[in-house]
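Summary of structural features
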Amino acid sequence: MGYHELLKALEDEVERQIRQIEADAEQRCQRLDVKVRRELAARRDAAVTAEQRRLEEEAQRAINRARFEQARTLLVEQRRLLAEVRQEAERRLPALDEADLAARLVDEIVPELGDGNVEFRISAGREAAFMHVLARRHPELARRATVTGEDGGGGGVVAVLEGGRQLLDNSLPSRLEKAWQQLEGELAGELFGDVTDG
């Protein structure tokens, strides 16, 4: 083999190796490109997922705040309406007041009055009628009773035992207070129903 043939063979080998190196480099570049694209896609997907999660959590917090505010506003309005109902009931109490009713209310507290003197406080102007009814229903109690008329009492009867040591409040405002504590929830259900529907 001559010098020229050897040189040609060397050139061919170098060219072959260069082509191989270039092919290998191209394959590595392609693999690297695929890997980079996958990593970028994974990072993009992770970022999109994280942002979606953040936005969903933020939206849920906003919805929860809105629901809480709505429930609070509704509760405040219900309390206001119930207060109006109670005020209207209190306003109407004097129309229910009469001497016969006061005497019937005394019937409920007779067992607690004992044997001493008793002062009955009722609405002013009804004293004589009250004593008449009391004498008919409880003659022994009427003999040891005094009656005081009071303006703006709201109706019913308040009994003060001898010496002012004990007060038995069976007035209409007191009865409304007791009834209100027991019936407010039921009344709210009647008025407002189940506000969680819909």
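Above this text you will find the structure in question.
Residues numbered from 1 in each chain as written. Predicted model: local features only at pLDDT ≥ 70, side-chain atom pairs only at ≥ 80, totals over all residues. Heavy atoms only, no water.

1. Some words on the side chain of R86
Stated formally: By definition, any uninterrupted DSSP run of H or I lasting at least four residues is a helix, any uninterrupted run of E lasting at least two residues is a strand, and each is numbered from the N terminus. Summary of the burial criterion: residues with accessible area below 20% of their type's maximum are buried, those above 50% are exposed, and those between are partly exposed, where the area comes from a 1.4 Å probe applied to protein chains only. Polar contact criterion, stated in full: a pair of N or O atoms within 3.5 Å, where within protein one must be able to donate a hydrogen and the other to accept it, and residues adjacent in sequence count only if both atoms are side-chain atoms. Contact definition: two residues touch when any of their heavy atoms are within 4.5 Å.
Residue placement: R86 occurs in helix α1 (residues 3–96). Of the residues examined, R86 reaches a relative accessible area of 19% and is grouped as buried. Only 2.3 Å separates the side chain of R86 from the side chain of E177, close enough to count as a polar contact. Non-local contacts of R86, meaning those with residues more than four positions away in its chain, are made with L176, E177 and W180.

2. What about the nonpolar core?
Stated formally: The nonpolar core is taken to be a set of buried Ala, Val, Leu, Ile, Met, Phe, Trp, Tyr and Cys residues, with the residues joined through side-chain atoms within 4.5 Å.
Counting residues in each nonpolar core, the largest one holds 23 residues, and the members touching the most others are L113, F120, F130, L134 and V157. Secondary structure elements with two or more residues in this core: α2 (99–109), β1 (118–123), α3 (127–137), α4 (139–143), β3 (156–161) and α5 (172–192). Broken down by element, this core gets its largest block of residues, 6 residues, from α2. Ignoring any residue separated from it by four or fewer positions in sequence, one finds L113 in contact with V118, F120, L141, R144, A159, L161 and L168.

3. Comments concerning the pattern of salt bridges
Inclusion rule: Note on definitions: salt bridges are taken to be side-chain nitrogens of Lys or Arg within 4 Å of carboxyl oxygens of Asp or Glu.
A full pass over the atoms with the stated rule returns 19 salt bridges. When the shortest N-O distance is used, the salt bridge between R54 and E51 registers 2.6 Å. Remark: E51 and R54 occur in helix α1; sequence separation between them is 3 residues, near one turn of the helix. Note that R91 and E88 form a salt bridge whose closest N and O atoms lie 2.5 Å from each other. Of this pair, R91 and E88 both sit in helix α1, separated by 3 residues, roughly a single helical turn. A relative accessible area of 56% means that R91 is categorised as exposed.

4. Considering the side chain of S174
Mapped onto the fold, S174 is located in helix α5. A polar contact of 3.3 Å, which involves the side chain of S174, links it to the backbone oxygen of D169.

5. A few points about the sheet that holds β3
Quick note on the threshold: The pairing criterion is simple: DSSP has to find at least two bridges between the two strands. For helices, the axis comes from a line fit to the C-alpha atoms of the stretch in contact; other axes are also lines fit to C-alpha atoms, and the angle between any two N-to-C directions lies between 0 and 180 degrees.
Taken together, 4 strands build an open sheet; the order of strands is β2-β1-β3-β4 and the sheet is mixed. Because the sheet does not close on itself, it has two edges, and the strands there are β2 (145–150) and β4 (167–171). When the angles between neighbouring strand axes are averaged without regard to direction, this sheet yields 20 degrees. Here β3 pairs with β4 via 5 bridges, running antiparallel. Within β4, the position partnered with V157 by the bridge is N170. Across the face of the sheet, α3 comes into contact with β1, β2 and β3 while running at roughly 150 degrees to β2. Taken strand by strand, α5 contacts β3 and β4, and its axis lies near 80 degrees from that of β4.

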